[in-house]
Structure formats: C-alpha cells, structure tokens
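A closer look at the structure
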Amino acid sequence: GGDQMRDIAAAIILGLCGSVYGADTEDNFTAKQDQTIVTVAAVFSVFSFIGSSFIVFMYLRHPKLRSLMFRLVVWISVSDIISSLGLLFGNPSDGSGACYAQAVLTQLFQIASMLWTVAVALVVQMVWSKSRTLAQLDADYWKIHAVVWGTTVLLAI
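Quick summary incoming for the structure in this document. The model shown is predicted, which means the values in this text are computed figures rather than measured ones.

Quick word on a nonpolar patch on the surface
Together, Val 46, Phe 49, Ile 50, Leu 85 and Leu 88 line one region of the surface with nonpolar side chains, adding up to about 400 Å² of accessible area. The dominant element in the nonpolar patch, judged by the number of residues it contributes, is helix α2 (residues 31–61), at 3 residues. We classify Val 46 as partly exposed; its relative accessible area is 37%.

Shown next, in the form of structure tokens:
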C-alpha cells in the first residue's frame, strides 16, 4: 500500500542523495528498505535483460539489420545484458567474491553502455554533418571497439 510506496521512494531518494552528495558510506537503511532497493533493482534488471536480449536476437535473426548503426546498438544491448546480470546478484556481503563480481560487471558494462551510446551519437553527428560517410565509419569499426573498450577499462580501474 501507501507505506510500501513511501518506503520505496525514501530508499531511492536517500540512495541517490547519498551517492550524489558524498554522504558517508554507512548503510542507514532499514533491512526492509535494503530489500526493497534490491528488489526494485532486480525487477528493472530483468526488464533490461529481456529488452536487450530481444534486440540481440532480432539482430542475429535478420541479416538486413547488420548495418553499422545496428551493430553499435547491439553492443549497447550486450553491455546492458551483462550489467543487468551483475545487478541480479542482489546485495552480497562486502568483500565477498559475489560483491567483487557484481562490482566488475556493473562498473565495466555500465560504462561500456554509456560509451557505446556516445559512439552512436558521434556516428550520427559525423554522418549528419557530412564529415564522414557511413562507409568510412564502417571501415573504422574496429577503432570504435578499441576506443570504447579501452576507455571502459581505463575508467573502471
């Protein structure tokens, strides 16, 4: 009911404010609030996993979709799939193997997803401004991978 919605809103707002404003890292949530945050993250991770998997499936199923732009979107989706798997770990205890695995999966692949999105935006901008053609950019596809994955690793370290 209303109390549960209030708890969800409070947990999300407190979590965002704590991370944005540099609050201490002590967990000031009740066990119920912690469980609510974990549940909400898991639910949205499942939706992300399903939607991203559908994009990858359609790309693999329909060869006509294998253009440069669709390949970039597929890499956004692959990054989101792996990131959402990390969020399904729940709330592992600090220092555990599951905690480290979750940190690696979410950090690396959320950064990668953002950078693949930037790559899409840059490709659109270059084609729109006529500074490069899609064929030229397609020839440099491996360079896009090198920049995205290299930057991802550097930012995640």
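Here's the deal with the packing of aromatic side chains
The tally for this structure, following the rule as stated, stands at 5 aromatic pairs. Seen from their ring centres, Phe 44 and Phe 47 are 6.3 Å apart, and the 70° between their planes marks the pair as edge-to-face. One end of the pair, Phe 44, and the other, Phe 47, are both in helix α2, 3 residues apart, so they sit about a helical turn from each other. An identical accessibility class is assigned to Phe 44 and Phe 47; each is exposed. Through pairs of rings, three or more aromatic residues link up here, namely Trp 75, Phe 109, Trp 116 and Trp 149.

Thresholds, definitions, all that
Residues numbered from 1 in each chain as written. Predicted model: local features only at pLDDT ≥ 70, side-chain atom pairs only at ≥ 80, totals over all residues. Heavy atoms only, no water. Patch = residues over 30% accessible without salt bridge, like charges linked within 9 Å, V, L, I, M, F, W, Y side chains within 5 Å. Areas by Shrake-Rupley, 256 points an atom, 1.4 Å probe, with all protein chains shown as cover. Salt bridge = Lys/Arg side-chain N within 4 Å of Asp/Glu carboxyl O. Helix = DSSP H or I, 4+ residues; strand = E, 2+ residues; numbered from the N terminus. Buried < 20%, exposed > 50% of the residue type's maximum accessible area, 1.4 Å probe, protein only. Phe/Tyr/Trp six-rings, centres within 6.5 Å; stacked < 30°, edge-to-face > 60°.

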